[in-house]
Amino acid sequence: MNSWVPLSSADLHAEVNPLGAQLSILRDRSGRDLLWDGDPSIWSGRAPILFPIVGELAGGSYRLGAKTYRLSRHGFARGKTFEVVATTGTTATFRVKADDATWQVYPFHFELDVHFALNGPTLVVRTSIRNTDVGNMPASFGYHPAFRWPLPYGRDRPSHFIEFASDEPAGIRRLNSAGLLTPDRYPTPVSNRRLMLEDSLFQNDAVIFDQVRSRSVTYGADDGPCIRVSYPDASYLGVWTKPGAHFICIEPWRGIADPDGFCGDFTAKPGVFEVKPGDVESMEMTITLLGV
């Protein structure tokens, strides 16, 4: 078993599992858990890293030029053991590189670094995707943190909501039973910047904001501490739980599931960006505990 890497500030304690470079514990100064515990009977994830795809591929595979490659939902990074590159008491950097196994499903040379930094009540996660190949490298990336629902501050589950920094008038997108993006757009469930959390929202998987305006959201109840998630670089925002489960995922993405019926080249897949040879593409997420 990999030893989890601990990080601590005056306000937060975090632990990161090198398997997937996954944030696995996040506690306030009183030791109360803010992050889901990964109960495998419900959902074993805690805060997986999504790379080189976000979501599901049509038929479980993608086409790149004349070749076809198979990739499972959200890609392979969450199942790879990352090298611990550097640690201090408040920071840690994890790295995974292309290897023979990744080459079979994603034919590119890359380095993926995930850097965690704690400062007071704030955890900053910054991911850098470096193209060490000779040609352009198509990719997607996403964060998938699962927070306790309810938070450990005495308010019941129905009193929790996600409040957006801006109005979100655009319709939302949904997935079909195969995990693929449907063509329909549905009325936004956000009212007065708030998304009230209830299980019925998630009967058809994630709620997907593909025209999100806000660069941050705040999660919690009307009184008591809450969590702000900031995502300056995200193109999409997913919100998800398994109905009845005691977690809510707030997921900033640069990438999205295949549209239903998509059969184009991977480079034409919605949400895919290209990294030029030698270049680095970065994405940041900030988690801040407010009101403690």
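Residues numbered from 1 in each chain as written. Predicted model: local features only at pLDDT ≥ 70, side-chain atom pairs only at ≥ 80, totals over all residues. Heavy atoms only, no water.

## A closer look at the side chain of S24
Stage number 1. In this fold, S24 is placed in strand β3 (residues 22-28).
Stage number 2. Given a relative accessible area of 2%, S24 falls into the buried group.
Stage number 3. Leaving out residues up to four positions away in the same chain, S24 has contacts with W4, E15, V16, N17, L35, W36 and R46. (Helix = DSSP H or I, 4+ residues; strand = E, 2+ residues; numbered from the N terminus. Buried < 20%, exposed > 50% of the residue type's maximum accessible area, 1.4 Å probe, protein only. Contact = heavy atoms within 4.5 Å.)

## As for the side chain of R173
Stage number 1. Mapped onto the elements of the fold, R173 is located in the loop between β14 (161-164) and β15 (194-196).
Stage number 2. Residue classification places R173 among the buried residues on the basis of a relative accessible area of 13%.
Stage number 3. Separated by 2.8 Å, the side chain of R173 and the backbone oxygen of T182 make a polar contact.
Stage number 4. Of the polar contacts made by the side chain of R173, one reaches the side chain of D210; its length is 3.0 Å.
Stage number 5. R173 has contacts with L181, T182, P183, D184, R185, A206, V207, I208 and D210, leaving out every residue within four places of it along the chain. (Polar contact = N/O pair within 3.5 Å; in protein donor to acceptor, adjacent residues only side chain to side chain.)

## Comments concerning the packing of aromatic side chains
Stage number 1. As enumerated under the stated definition, the model contains 17 aromatic pairs in all.
Stage number 2. The interplanar angle of 25 degrees and the centroid separation of 5.4 Å between the aromatic rings of Y62 and Y69 together place this pair among those described as stacked. You'll find Y62 and Y69 in the same group, each marked buried.
Stage number 3. Residues F147 and Y219 carry aromatic rings whose centres are separated by 6.4 Å and whose planes lie at 35 degrees to one another, so their mutual orientation is tilted. With a gap of 72 residues between them, F147 in strand β13 (residues 146-148) and Y219 in strand β17 (residues 216-220) connect regions that are remote in the sequence. (Phe/Tyr/Trp six-rings, centres within 6.5 Å; stacked < 30°, edge-to-face > 60°.)

## Topic: the sheet that holds strand β2 (residues 12-17)
Stage number 1. Ordered in space as β1-β2-β3, the three strands form an open sheet in which the pairing is antiparallel. Only two strands of the sheet have a single neighbouring strand rather than two, namely β1 (5-8) and β3. Neighbouring strand axes in the sheet, compared pairwise and without regard to direction, differ in orientation by 15 degrees on average.
Stage number 2. Two strands pair when backbone bridges link them, and β2 and β3 are joined in this way by six bridges, in the antiparallel orientation. Within the sheet, the bridge partner assigned to A14 lies in β3 and is L26. (Pairing = 2+ DSSP bridges. Axes fitted to C-alpha atoms, helices over the stretch in contact; angles between N-to-C directions.)

## Brief notes about the sheet that holds β14
Stage number 1. Spatially, β7-β8-β9-β10-β22-β18-β17-β14-β15 is the arrangement adopted by the nine strands of the open sheet, whose pairing is antiparallel. The sheet terminates laterally at β7 (83-87) and β15, the two strands that pair on one side only. When the angles between neighbouring strand axes are averaged without regard to direction, this sheet yields 15 degrees.

## Some words on the pattern of salt bridges
Stage number 1. One pass over the full model with this rule turns up 20 salt bridges.
Stage number 2. The residue E284 makes a salt bridge to R126 at a minimum N-O spacing of 3.2 Å. One end of the pair, E284, is in strand β22 (residues 280-290); the other, R126, is in strand β10 (residues 122-131), with 158 residues separating them in the sequence.
Stage number 3. According to the relative accessible area criterion, E284 is partly exposed, its value standing at 21%.
Stage number 4. Here R126 falls in the partly exposed class, since its relative accessible area comes to 37%.
Stage number 5. Note that D199 is salt-bridged to R157, the shortest N-O span being 2.8 Å. Taken together, the positions of D199 in the loop between β15 and β16 (207-209) and R157 in the loop between β13 and β14 put the pair 42 residues apart, joining distant regions of the chain.
Stage number 6. By relative accessible area, which is 15% here, R157 ends up buried.
Stage number 7. A network of salt bridges, in which partner residues are shared, links E163, R193, R194 and D222. (Salt bridge = Lys/Arg side-chain N within 4 Å of Asp/Glu carboxyl O.)

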